[in-house]
Amino acid sequence: GAGVSQSPSNKVTEKGKDVELRCDPISGHTALYWYRQSLGQGLEFLIYFQGNSAPDKSGLPSDRFSAERTGGSVSTLTIQRTQQEDSAVYLCASSPSNMNTEAFFGQGTRLTVV
Amino acid sequence: DQQVKQNSPSLSVQEGRISILNCDYTNSMFDYFLWYKKYPAEGPTFLISISSIKDKNEDGRFTVFLNKSAKHLSLHIVPSQPGDSAVYFCAASAMKYGGSQGNLIFGKGTKLSVKP
């Protein structure tokens, strides 16, 4: 497909385990964003990649969260030692550049920590 | 500290009438604003945007107004349709500054219900 693809669509994990969430952005998009939406809440910014610039990690809630973007394309968000409060929908978006263009979102990964 | 605020968590409107969704921001460096619509179990989809050099942008039934002096923008939907029922998010970015200022900051959303 031509859109942003996220996998898995659903993930249930036990408290304390590590999880990896994957995002395949639209081909050629240089900007990539991760957000999360907890139940009843808005979209919380996590991390932003733009080309070869250093990522903006200012939204990561703790050092248990990390993300990387390999080769300027696929991105992986890793949550170590998951906690129940990490349960949320994790959304990835990409855009062609950082200049006045909209971001396109994937369907999200619903993470449930039990 | 919320940089983008949507103070109304919900709004109910009759079909055919106008829906007005409001958004306030605090960061004067924001120069690009967007509205997204989100249905349950789906990712947000882009609706309409406006650059800070404009005060109005229209696309079909959707119009966004920007008041820079008040740091306020609004989305007007007219006429409203039942299919417009969704959560609407306002987002802002300091695009021209690039780099770490390029990320999109979202409000908490307003749930719009359009009743037939």
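So, here's what we can say about the structure. What you are looking at is a predicted structure, and each value in this text was computed from that prediction instead of being measured.

**Here's the deal with the overall build of chain B**
Part 1 of the argument: The secondary structure content of chain B amounts to zero helices and eleven strands.
Part 2 of the argument: In chain B, the succession of α and β elements from N to C terminus is β-β-β-β-β-β-β-β-β-β-β.
Part 3 of the argument: Relative to its length of 116 residues, chain B is compact, with a C-alpha radius of gyration of 14 Å against a globular reference of 13 Å.
Part 4 of the argument: For the C-alpha atoms alone, the extent of chain B along its principal axes is close to 45 × 30 × 20 Å.
Part 5 of the argument: The buried share among the 116 residues of chain B stands at 48%.
Part 6 of the argument: Contacts in chain B between residues at least 24 apart in sequence constitute 55% of all its contacts with a sequence separation of at least 6.

**Side note on the overall build of chain A**
Part 1 of the argument: Of the regular secondary structure elements, chain A holds zero helices and ten strands.
Part 2 of the argument: The order of α-helices and β-strands along chain A, N terminus first, is β-β-β-β-β-β-β-β-β-β.
Part 3 of the argument: Projected onto its principal axes, the C-alpha positions of chain A cover 40 × 30 × 25 Å.
Part 4 of the argument: Per-residue burial over chain A gives 50% buried out of 114 residues.

**Observations concerning the sheet that holds strand 6 (residues 65-69) of chain A**
All names here are of chain A.
Part 1 of the argument: Ordered in space as 1-3-7-6, the four strands form an open sheet in which the pairing is antiparallel. Unpaired on one side and paired on the other, strand 1 (5-7) and strand 6 mark the two borders of the sheet. Between one strand axis and the next, the sheet turns through 15 degrees on average, direction left out of account.
Part 2 of the argument: Summarising the sheet, strand 1 and strand 3 (residues 19-24) pair through three bridges and their orientation is antiparallel. Its bridge partner being in strand 3, S5 is matched across the sheet by D24.

**A few points about the sheet that holds strand 8 (residues 72-77) of chain B**
All names here are of chain B.
Part 1 of the argument: On the basis of which strands lie adjacent, the open sheet formed by five strands has the order 1-3-8-7-6 and antiparallel pairing. Two strands in the sheet have a free side with no partner beyond their single neighbour: strand 1 (4-5) and strand 6 (56-59).
Part 2 of the argument: Bridge count for strand 1 against strand 3 (residues 19-25) is two bridges, and the pairing is antiparallel. Note on strand 3: the bridge partner recorded for K5 is D24.

**What about the packing of aromatic side chains?**
Part 1 of the argument: Inspection of every chain in the model, using the stated rule, returns twelve aromatic pairs over all chains.
Part 2 of the argument: Arranged with centres 5.0 Å apart and planes meeting at 85 degrees, the rings of Y35 of chain A and F106 of chain B form a pair that is edge-to-face. You can see Y35 of chain A sitting in strand 4 (residues 31-37) and its partner F106 of chain B sitting in strand 10 (residues 105-106), one on each of two chains.
Part 3 of the argument: Residue F106 of chain B is classed as buried on the basis of its relative accessible area, which comes to 7%.

**A look at the nonpolar core**
Part 1 of the argument: Within the largest apolar cluster, 24 residues are counted, with the highest numbers of intra-cluster contacts made by F33, W35, L73, L75 and Y88 of chain B.
Part 2 of the argument: Of all elements in the fold, only strand 3, strand 4 (32-38), strand 5 (45-51), strand 7 (62-67), strand 8, strand 9 (86-93) and strand 11 (110-115) of chain B reach the threshold of two or more residues within this core.
Part 3 of the argument: Per-element accounting of this core gives the leading share, four residues, to strand 9 of chain B.
Part 4 of the argument: Not counting residues up to four positions away in its chain, the partners in contact with L75 of chain B are S19, I20, L21, W35, L47, I48, F62, T63 and Y88 of chain B.
Part 5 of the argument: The next biggest cluster of nonpolar side chains, apart from the first, holds 20 residues, and it includes V19, C23, I26 and V113 of chain A.

Cut-offs and rules
- Residues numbered from 1 in each chain as written.
- Chains lettered and ligands numbered in written order.
- Predicted model: local features only at pLDDT ≥ 70, side-chain atom pairs only at ≥ 80, totals over all residues.
- Heavy atoms only, no water.
- Helix = DSSP H or I, 4+ residues; strand = E, 2+ residues; numbered from the N terminus.
- Rg over C-alpha atoms; globule rule 2.2 N^0.38 Å.
- Buried < 20%, exposed > 50% of the residue type's maximum accessible area, 1.4 Å probe, protein only.
- Contact = heavy atoms within 4.5 Å.
- Pairing = 2+ DSSP bridges.
- Axes fitted to C-alpha atoms, helices over the stretch in contact; angles between N-to-C directions.
- Phe/Tyr/Trp six-rings, centres within 6.5 Å; stacked < 30°, edge-to-face > 60°.
- Core = buried A, V, L, I, M, F, W, Y, C linked by side-chain atoms within 4.5 Å.

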